[in-house]
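# Notes for the structure review
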Amino acid sequence: DQQVKQNSPSLSVQEGRISILNCDYTNSMFDYFLWYKKYPAEGPTFLISISSIKDKNEDGRFTVFLNKSAKHLSLHIVPSQPGDSAVYFCAASEEKSSGDKLTFGTGTRLAVRP
Amino acid sequence: DVKVTQSSRYLVKRTGEKVFLECVQDMDHENMFWYRQDPGLGLRLIYFSYDVKMKEKGDIPEGYSVSREKKERFSLILESASTNQTSMYLCASSFGPISGNTIYFGEGSWLTVV
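Cut-off values and rules
- Residues numbered from 1 in each chain as written.
- Chains lettered and ligands numbered in written order.
- Predicted model: local features only at pLDDT ≥ 70, side-chain atom pairs only at ≥ 80, totals over all residues.
- Heavy atoms only, no water.
- Phe/Tyr/Trp six-rings, centres within 6.5 Å; stacked < 30°, edge-to-face > 60°.
- Helix = DSSP H or I, 4+ residues; strand = E, 2+ residues; numbered from the N terminus.
- Buried < 20%, exposed > 50% of the residue type's maximum accessible area, 1.4 Å probe, protein only.
- Contact = heavy atoms within 4.5 Å.
- Buried area = accessible area lost by both parts, 1.4 Å probe.
- Salt bridge = Lys/Arg side-chain N within 4 Å of Asp/Glu carboxyl O.
- Polar contact = N/O pair within 3.5 Å; in protein donor to acceptor, adjacent residues only side chain to side chain.
- Nonpolar A, V, L, I, M, F, W, Y, C, P; charged D, E, K, R; others polar.

Glancing now at the packing of aromatic side chains. Scanning all chains against the criterion turns up 13 aromatic pairs over all chains. Between Tyr36(A) and Phe46(A), the aromatic rings sit 5.9 Å apart at their centres with planes inclined by 70°, giving edge-to-face as the arrangement. Of the two residues, Tyr36(A) sits in strand β4 (residues 32-38) while Phe46(A) sits in strand β5 (residues 45-51), which places them ten residues apart along the sequence. Owing to a relative accessible area of 0%, Tyr36(A) belongs among the buried residues under this scheme. Between Phe104(A) and Phe105(B) the ring centres are 5.9 Å apart and the planes differ by 70°, which places this aromatic pair in the edge-to-face class. Of this pair, Phe104(A) sits in strand β10 (residues 102-104) while Phe105(B) sits in strand β10 (residues 104-105), on two different chains. Every member of this aromatic cluster is reached through a ring pair, and the members are Tyr36(A), Phe46(A), Phe89(A), Phe104(A), Phe33(B), Tyr35(B), Phe48(B) and Phe105(B).

Attention shifts here to the interface of chain A and chain B. With 20 residues of chain A at the interface, the matching set in chain B holds 27 residues. Between chain A and chain B lies a buried interface of about 1900 Å² when both sides are counted; carbon and sulfur atoms form 59% of it. Linking chain A with chain B are zero salt bridges, by the criterion used here. The tally of links from chain A across to chain B stands at four residue pairs in polar contact (both at pLDDT 80 or more). Sorting the residues of the side of chain A that touches chain B by element identifies β4, β9 (86-93) and β10 of chain A as the ones contributing at least two each. Per element, the largest residue contribution to the side of chain A that touches chain B is four residues, and it comes from β4(A). Looking at the side of chain A that touches chain B residue by residue, the classes come out as nine nonpolar, six polar and five charged.

That is the geometry; function is a separate question.
And the structure:
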C-alpha cells in the first residue's frame, strides 16, 4: 500500500524554465512533508520541508506547496538549472509516540536540458 | 556538519551468507533508520530505532534484523542473504521528532547477492 505517490517517474525541462514535481498522499495523519534530492551513488540530501499547518514554504529557487484537502503537494524549482538534474523524493511523516518515521514516494527523475 | 558513515560502499555476497551493514553517526542523534532503494519502488523503511537497544519494524522487515548497542551505531543484519536482497541500502539518523528536524542519510551501500 503506497501511502506516498509520485506518479511521474521522469520529467524533462529546459534550463531557465520552471520544474514542477508532484506528490500525492493517502494518510491524513501525515503532519510534515519533505523533499529530498538524490544524485546517483549518493545518499539523499534534504531540500525543503513544510508543516501541515502551512500551505507554502519558499527557500530560494525552491517552493513547496501543500493542499491538504486534496492530499497533494508540489515542488517548484524556478529557474531550473542543469545541476538540478537528479531524482527527487517526496516524503511524509506522522508523529507517533513510538517514534517518527518517514514514508517516501517512488521518486521523479528530473532532467534539465541546457 | 552531520556525518552518517556507512562502512561498506560496495559488497558482493553469496546466497545464504550472513551479512552485516554498519552505520555510524557523529551527532548524538536519537533516531536511526535503515532504508533500501530499488528502481520504481523508492525508499522503503526496513527498521528504525529511537533509542539504544530499541528497535521498531518498518515496512519491509522480513529477512532482516538490526542491532543498536551504542547510540552512534546501528547495524543491519541479513541472517541468510538472498538474491532479492540485492539493493542499495541507506542508513539515516535524526535528532528528536522529524517535524522541525530532518533526517540525514549516509552515502549508501550497494549490496549484490549472487
